[in-house]
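The lines below spell out each chain.
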Amino acid sequence: MSATAHPTTSGLVSRAGSGAVAGIAGGIVFGVLMAMMGMLPMVGMLIGVDNAIVGFLVHLLNSAIIGALFGLLAHGIADRIGPVLGAGLVYGVIWWVLGALLLMPLWLSVTADPMMRDMVFVIGTDQWLSLMGHAIFGLVTAAVLYGLRRRARS
């Protein structure tokens, strides 16, 4: 059997690590957009701190984790730019649904405002802007993962 059929622990760690780095890159780009829209203090409220810097740090931690998962899931296509960008775009949209439309309002209803529960799956202007940001996150994360994969192979 080849090494790709049964990846080693170090191979999985490497894939997740590359994904985490890519996710942080995507998170920085998305975080700048969030800062321009004044959304970072709300992200900080996920841990009960109404502060943009804390929100940015929470956002980057989430980006690293989500990127690591992408690195594991997209490993088989990470060296082909079209497929990995397509997967990154879809991945960003999936996290928009999971994160922005479901998990974030539910979590904020516990940590910040019980009325946030009423925002689950509500789509308004802020949510459409969030979709754009999540799509950009997915594309940047995929592009950086592609670059890291190409660099590792050369």
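Below you will find a few notes about this structure. Keep in mind the model is a prediction, meaning the values are calculated, not measured.

## With respect to the packing of aromatic side chains
Centre distance and the angle of the planes are the two values used to describe a pair of aromatic rings.
(1) Moving on: Within this structure, the stated rule accounts for 3 aromatic pairs.
(2) Moving on: When the centroid spacing of 6.4 Å and the interplanar angle of 75° are considered together, the rings of Tyr91 and Trp95 count as edge-to-face. Here the residue Tyr91 and the residue Trp95 both occupy positions in helix α4 (residues 81-111), the gap between them amounting to 4 residues, near one helical turn.
(3) Moving on: On the basis of relative accessible area, Tyr91 is assigned to the buried category, the value being 9%.
(4) Moving on: The exposure class assigned to Trp95 is buried, which follows from its relative accessible area of 19%.
(5) Moving on: A centroid spacing of 5.9 Å and a plane angle of 25° characterise the contact between Trp96 and Trp128, whose relative ring orientation is stacked. Separated by 32 residues along the polypeptide, Trp96 in helix α4 and Trp128 in helix α5 (residues 125-153) bring together distant segments of the chain.
(6) Moving on: Taking the relative accessible area as the measure of exposure, Trp96 reaches 7% and is therefore buried.

## Comments concerning helix α1 (residues 9-36)
(1) Moving on: Along its 28 residues, α1 runs 40 Å from first to last C-alpha, staying within 8% of the 40 Å computed at 1.5 Å per residue.
(2) Moving on: Each element contacted by the buried residues of α1 is listed here: α2 (40-44), α3 (52-73) and α5.
(3) Moving on: The positive-phi residue at the C-terminal boundary of α1 is Gly38, with phi of around 70°.

## With respect to the packing of α3 against α5
(1) Moving on: Close contact between α3 and α5 brings their axes to 11 Å; oriented N to C, the two are set at 55°. The orientation of α3 with respect to α5, classified from their angle, is oblique. With respect to the hand of their crossing, α3 and α5 are arranged in right-handed fashion. Where α3 abuts α5, its residues Ser63, Ile66, Gly67, Phe70 and Gly71 lie against Phe137, Thr141, Ala142 and Leu145.

## With respect to the environment of Leu85
(1) Moving on: For Leu85, the position within the fold is in helix α4.
(2) Moving on: Under the relative-accessibility criterion, Leu85 is labelled partly exposed at 28%.
(3) Moving on: In this view, Leu85 contacts Leu139, Ala142 and Ala143; residues no more than four positions away in its chain are not counted.

## With respect to a nonpolar patch on the surface
(1) Moving on: A cluster of nonpolar side chains, Leu89, Val93, Val97, Phe121 and Leu139, forms an exposed patch at the surface whose accessible area comes to about 370 Å².
(2) Moving on: Following the sequence through the fold, Leu139 ends up in helix α5.
(3) Moving on: Given a relative accessible area of 34%, Leu139 falls into the partly exposed group.

## Here we look at the packing of α3 against α4
(1) Moving on: Orientation of α3 relative to α4, taken along the N-to-C sense of each, is 140°, at an axis distance of 11 Å. As summarised for this structure, α3 and α4 are arranged oblique, according to the angle between their axes. Once α3 is placed against α4, the crossing between them reads as right-handed. From α3, Ile66, Leu69, Phe70 and Leu73 reach across to α4, where they touch Val84, Ala87, Gly88, Tyr91 and Trp95.
(2) Moving on: Of the residues in the contact of α3 with α4, the class split is 8 nonpolar, 1 polar and no charged.

Definitions and limits used
- Residues numbered from 1 in each chain as written.
- Predicted model: local features only at pLDDT ≥ 70, side-chain atom pairs only at ≥ 80, totals over all residues.
- Heavy atoms only, no water.
- Phe/Tyr/Trp six-rings, centres within 6.5 Å; stacked < 30°, edge-to-face > 60°.
- Helix = DSSP H or I, 4+ residues; strand = E, 2+ residues; numbered from the N terminus.
- Buried < 20%, exposed > 50% of the residue type's maximum accessible area, 1.4 Å probe, protein only.
- Expected span 1.5 Å × (residues − 1).
- Contact = heavy atoms within 4.5 Å.
- Axes fitted to C-alpha atoms, helices over the stretch in contact; angles between N-to-C directions.
- Parallel < 35°, antiparallel > 145°, perpendicular 65-115°, else oblique.
- Left-handed = near helix turned anticlockwise from the far one by under 90°.
- Patch = residues over 30% accessible without salt bridge, like charges linked within 9 Å, V, L, I, M, F, W, Y side chains within 5 Å.
- Areas by Shrake-Rupley, 256 points an atom, 1.4 Å probe, with all protein chains shown as cover.
- Salt bridge = Lys/Arg side-chain N within 4 Å of Asp/Glu carboxyl O.
- Nonpolar A, V, L, I, M, F, W, Y, C, P; charged D, E, K, R; others polar.

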